[in-house]
Amino acid sequence: MKRQKNKKFIALLAFSQLAIVSQAFSQNLTPTQKEDSTAKKIDEIIITGVSNPKASVSSSISVSTLRLEQIEATAPRTTAEIFKQIPGIRTESSAGEGNTNISVRGVPLATGGSKYLLLQEDGLPVLQFGDIAFATQDQFIRADATLSRIEAVKGGSASILASNSPAGIINFISKDGRKEGGSITSSVGLDYRNLRTDVEYGTKIGNGLYMHVGGFYRQGEGPRNIGYLGNDGGQIKLNVTKDFSSGYIKFYVKSLRDHTAGYMPMPMSVTGTNDSPTWGSVNGYDASYGALQTPLISSLTALNQANQPELVNVREGVTSNLNSIGSEFKVNLANNWSILGKSRFSTINGRFLAPFPANVGTSSAIASGLVGAGNTALLTYADGTAFNTGQSGNDLLMVMHLFNTKLNNFNNMTNDFSLNKNFKRVKVNVGVYQSTQNINMSWLWNSYLMDVNNDGKSHNQLVNIASVNSTNDTTNLSENGLLAYGVPAWGNCCQRNYDVNYSILAPNTNIDIEVNDNITFSLGARYDMGRAKGTYSGAVVTPVDVDNNGTISPIESNVATINNNHPSLVNYSWNYLSYSVGANYRLKENSALFARYSKGGRAGADRVLFSNYLNNKGGLTSDNNVVDFTSQAELGYKYRSTKLTLNATAFFAQTDEKNYEATNQVFLDRTYQAFGLELEGRYTINKFALFGGLTLTKATISKDVITPANVGKTPRRQAGLIYTITPSYNFNKKLSVGVSIIGTTQSYAQDNNDLVMNGYVYLNPYISYSPAENFFISIQANNVLNAIGVTESEEGSITNNATNVVRARSIAGRSTSITLKYKF
């Protein structure tokens, strides 16, 4: 009943916005005050992470802006690869389209996703939580030709202007048709299977009425060798904007339907020592192009959330389905009052289907662990041929867990409403934010035995194993490579179903005080009140005749099913206060110093379930134990001119972290600290341009309740330096060349600070030529030198001076494409 009331309340707010707009537009009202004209000429007007749009040099926050042309030149293969161009943002974009890990300025990346940073589209979050297991935000957002720009706010006012996003905001801002014209862009992979077409067009369609429509469609195998069409889908977007003398109103719709291949850690070879390792490919398995997906497996049988057998299309991969409808308006009232409102409703569902190597080793080591002491193993491929040392001769096997996770219902609705008053030197903003987020998900995992083989010519195959005892009695332990319905190696943790609704109400306020022409102060606060209600069910092991043949086979004797008859309750609430204080001192018209201190909260969602944070009635075992806080301090300098743009920000962050990681069944309770420096600059002289950014970070684990030995160590995957440098040169109006140089220094694979993941550099060059007006031909390469760059490793230690096989993930190898673009 309460959930229904929440929906009615949100709908009432949305309709009240439209009523206010209609009434205000019918009156003769004061137009918007104009921004400083000089600032407009040399600086971006930012709208993300601020209560009032303003030139970035006038704001006490750190913000980066990427235009579509800048993004296109670097040929990102996924949405997450775009974020590598944003200083301060650390993104592990090796997983494909979705499942990306993102962190900001040393704020921890303890598990997956982006716990302290939200992705927004046109000012509203894609999902309300950034670290939902197997449903990361970048799975449901795509950058295409409808994109105008990306604004990224790091730290600063994000804690008071967005719920659950205290470390930053990345906002995708769409074109709106005010600039008439369009484009058609087609891109074809030259050394990999990929075909993509983007179309967009915007125009004026009436008096003050504008529209923009566009989208993309893509098909291909992707940059890794999976042997089938793994990427297939696209999106379409439409918005209509009406300008009035007193403001504007906009309506928009979007539909996304996409299937992509999700890349998990894979077998890699490591030699040398923990502190000086050499990473490379395993014999028969290419770390740059290999994948655990295989064309030899198209469908498998699993139990669904109702514990009934179903055929699973393994090639479905990571499925993203989203339909959204939204509105935005601004009304400038009399006496310098204004109202801004944004609303969106989205229906979201999909699937996360990807193979994960639970264990990799020699055939004898893996087999002996399965057949038990005193027995011998008989290995054959699922097609009946002998395994011997495997088709590639590396004698390696892996126990593979198929992460078969259904995203049944992730619908959300968001409403953000604010009232603004401009006094002579004071701007006051008072707002209220409300959202609901469904998380209805089913984990339906199975275990398989598979060889290690993907060298570009052949693929992984399923392997059967039988146990032979001392009297030569043979017992089949697998069927067509299936070892178990469930994941017994992980205690059958992962047959789950949960259906929880999360609602948030967050009043907020911000005050900008202009002391004089040079000094401004900003004060803001936000009070989040949330509630979670629903149920969750774990696994129960029982015999099940899955194939309905009347006989219980060995693998059917212990089947992990979902305990739907005894669900656990979820019924808890949380609240927390976030605040931010900043000051900006304008040294000259084009330069400024700024400082800011912020403390922001963030509530946990599905990762709280199946933990000791909840009692048997679904409430919290202690007040607000699902809320984590991060405190951040920033001191920065900004400079703007027609040739040079420079941002320099020193930062400090302290983060309290409670979390749970599904792949290794580990709970975390820690405090992290990080100091650093972020630099960003653009320089142009004549035909040469240089854009670059770097982030220096010194991060430590200052407290660890679960593993005290980690105190004083560097958090896993946290490099001391990450950087992007992009020089370009325009020979004339027709020809331009450039290259993005992206690099990182070394980091540790795990928090024990034993195994080092080496630093790496990779290059993305491009060349663009215009043979005719408005027609462009470009060739782009991603990782042109085929560098190996390890972004994560499940193992934290190796045996020194031996050949080790670990489970890790590298950036994909070289991929080259040609793009044709016509602008009209």
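Everything quoted here is computed from the prediction, not taken from an experiment. (Residues numbered from 1 in each chain as written. Predicted model: local features only at pLDDT ≥ 70, side-chain atom pairs only at ≥ 80, totals over all residues. Heavy atoms only, no water.)

Peer 1: What exactly am I supposed to notice about the overall build of the chain here?
Peer 2: Scanning the chain from terminus to terminus reveals six helices and 47 strands. For 824 residues, the compact-globule estimate of 2.2 N^0.38 gives 28 Å, and the C-alpha radius of gyration of the chain, at 27 Å, lies within 12% of that figure. Across its three principal directions, the C-alpha atoms of the chain cover 95 × 65 × 55 Å. A burial count over the chain gives 59% of its 824 residues as buried. Within the chain, counting contacts between residues at least 6 apart in sequence, those at least 24 apart form 70% of the total. Counting every atom, the chain has about 31000 Å² of accessible surface; 55% of that belongs to carbon and sulfur. Considering the chain, the positive charge centre built from 72 side chains and the negative charge centre built from 62 side chains are found 9 Å apart. (Helix = DSSP H or I, 4+ residues; strand = E, 2+ residues; numbered from the N terminus. Rg over C-alpha atoms; globule rule 2.2 N^0.38 Å. Buried < 20%, exposed > 50% of the residue type's maximum accessible area, 1.4 Å probe, protein only. Contact = heavy atoms within 4.5 Å. Areas by Shrake-Rupley, 256 points an atom, 1.4 Å probe, with all protein chains shown as cover. Lys, Arg positive; Asp, Glu negative; His and termini not counted. Charge placed at Lys NZ, Arg CZ, Asp CG, Glu CD.)

Peer 1: What should I look at first to understand the confidence of the model for the chain in this one?
Peer 2: Detail in the predicted coordinates should be disregarded across regions flagged by low pLDDT. Scored by pLDDT, the chain has a mean of 90; 92% of the residues are at 70 or more. Contacts of residues 1-41 to residues separated by more than four positions or lying in other chains number 64 contacts, the stretch itself having pLDDT below 50. (pLDDT = per-residue confidence, 0-100.)

Peer 1: Teacher, can you tell me more about the sheet that holds strand 15 (residues 266-272) here?
Peer 2: Strand pairing within a sheet occurs via backbone hydrogen bonds; the two strands may be parallel or antiparallel. Ordered in space as 16-15-46-45, the four strands form an open sheet in which the pairing is antiparallel. Lying at the two open borders of the sheet, with one neighbouring strand each, are strand 16 (277-280) and strand 45 (790-793). Between one strand axis and the next, the sheet turns through 50 degrees on average, direction left out of account. Across five bridges, the pairing between strand 15 and strand 46 (residues 804-810) is antiparallel. When the bridges of strand 46 are listed, methionine 268 appears paired with valine 806. (Pairing = 2+ DSSP bridges. Axes fitted to C-alpha atoms, helices over the stretch in contact; angles between N-to-C directions.)

Peer 1: I tried to follow helix 6 (residues 363-371) on my own but got confused; where do I start?
Peer 2: Inspection of helix 6 places Ser363, Ile366, Ala367 and Val371 among the buried residues, and these make up the whole buried set. One face of helix 6 carries all of its buried residues, which in axial projection span an arc of 120 degrees. The inward-facing, buried residues of helix 6 abut strand 20 (337-362), strand 21 (376-381), strand 22 (396-409), strand 25 (446-451) and strand 26 (463-468). (Arc of directions from axis to C-beta.)

Peer 1: What is the right way to look at the side chain of asparagine 429 in this model?
Peer 2: For asparagine 429, the location among the structural elements is in strand 24 (residues 426-444). Using a relative accessible area of 2% as the deciding quantity, one classes asparagine 429 as buried. A polar atom in the side chain of asparagine 429 sits 2.5 Å from the side chain of asparagine 420. (Polar contact = N/O pair within 3.5 Å; in protein donor to acceptor, adjacent residues only side chain to side chain.)

Peer 1: Even after reading the chapter, I still don't get unusual backbone geometry, so can you show me in this structure?
Peer 2: Of all residues except glycine, most have a negative phi; of all peptide bonds, most are trans. The backbone phi angle of asparagine 336 is positive, close to 65 degrees, even though this residue is not glycine. For asparagine 336, a relative accessible area of 33% corresponds to the partly exposed category.

Peer 1: Could you clarify how one ought to interpret the pattern of salt bridges in this entry?
Peer 2: Side-chain pairs of opposite charge can arise whenever the charged atoms involved come near each other. This structure, assessed with the given rule, holds 32 salt bridges. For aspartate 131, the salt bridge identified is with arginine 607, shortest N-O distance 3.7 Å. With aspartate 131 in the loop between strand 7 (124-125) and strand 8 (147-154) and arginine 607 in the loop between strand 34 (591-603) and strand 35 (627-640), the pair connects residues that are 476 residues apart, well separated along the chain. Residue aspartate 131 is classed as buried on the basis of its relative accessible area, which comes to 3%. (Salt bridge = Lys/Arg side-chain N within 4 Å of Asp/Glu carboxyl O.)

Peer 1: Sorry, what's going on with the sheet that holds strand 9 (residues 168-174) here?
Peer 2: With mixed pairing, five strands are arranged side by side in an open sheet as 3-8-9-6-7. Looking at the sheet topology across the chains shown, the edges are occupied by strand 3 (62-67) and strand 7. Sheet topology note: the strand 6 (residues 117-121)/strand 9 ladder contains five bridges and is parallel. In the strand pairing of strand 9, leucine 119 is matched with isoleucine 170.

Peer 1: Explain the pairing of strand 14 (residues 247-260) here, please?
Peer 2: The sheet contact formed by strand 13 (residues 231-244) and strand 14 spans 13 bridges and is antiparallel. Counterpart to glycine 233 in the pairing with strand 14 is aspartate 258. Taking the residues that link successive antiparallel strands as the turn, the strand 13-strand 14 hairpin has two residues. Pairing analysis gives 14 bridges linking strand 14 to strand 19 (residues 318-332), with the strands arranged antiparallel. When the bridges of strand 19 are listed, arginine 257 appears paired with asparagine 321.

Peer 1: For this particular structure, what's the right way to read the environment of leucine 696?
Peer 2: Locating leucine 696 in the fold gives a position in strand 38 (residues 688-704). On the accessibility criterion, leucine 696 (40% relative accessible area) is partly exposed. For the pair leucine 696 and isoleucine 722, spaced 26 residues apart in the sequence, the C-alpha separation amounts to 6.9 Å. Once residues within four sequence positions are removed from consideration, leucine 696 is found in contact with Phe651, Phe675, Gly676, Leu677, Gly720 and Leu721.

Peer 1: Is there a simple way to think about a nonpolar patch on the surface in this case?
Peer 2: A cluster of nonpolar side chains, namely Leu644, Tyr683, Ile685, Phe688, Leu690, Ile725, Tyr729 and Phe731, defines an oily patch on the protein surface of about 600 Å² accessible area. Counting residues per element, the ones that place at least two in the nonpolar patch are strand 37 (666-685), strand 38 and strand 39 (721-730). (Patch = residues over 30% accessible without salt bridge, like charges linked within 9 Å, V, L, I, M, F, W, Y side chains within 5 Å.)

Peer 1: Would you take a moment to explain the packing of aromatic side chains for this structure?
Peer 2: Two numbers describe a pair of aromatic rings. These are the distance of the centres and the angle of the planes. Counting across every chain of the model gives 24 aromatic pairs. On the basis of an interplanar angle of 90 degrees and a centroid distance of 5.2 Å, the ring pair of phenylalanine 134 and tryptophan 443 is categorised as edge-to-face. You can see phenylalanine 134 sitting in the loop between strand 7 and strand 8 and its partner tryptophan 443 sitting in strand 24, a full 309 residues away along the chain. Considered together, phenylalanine 134 and tryptophan 443 belong to a single accessibility category, that of buried residues. Consider the rings of phenylalanine 134 and tryptophan 445, whose centres lie 5.5 Å apart with planes at 90 degrees: the pair is edge-to-face. (Phe/Tyr/Trp six-rings, centres within 6.5 Å; stacked < 30°, edge-to-face > 60°.)

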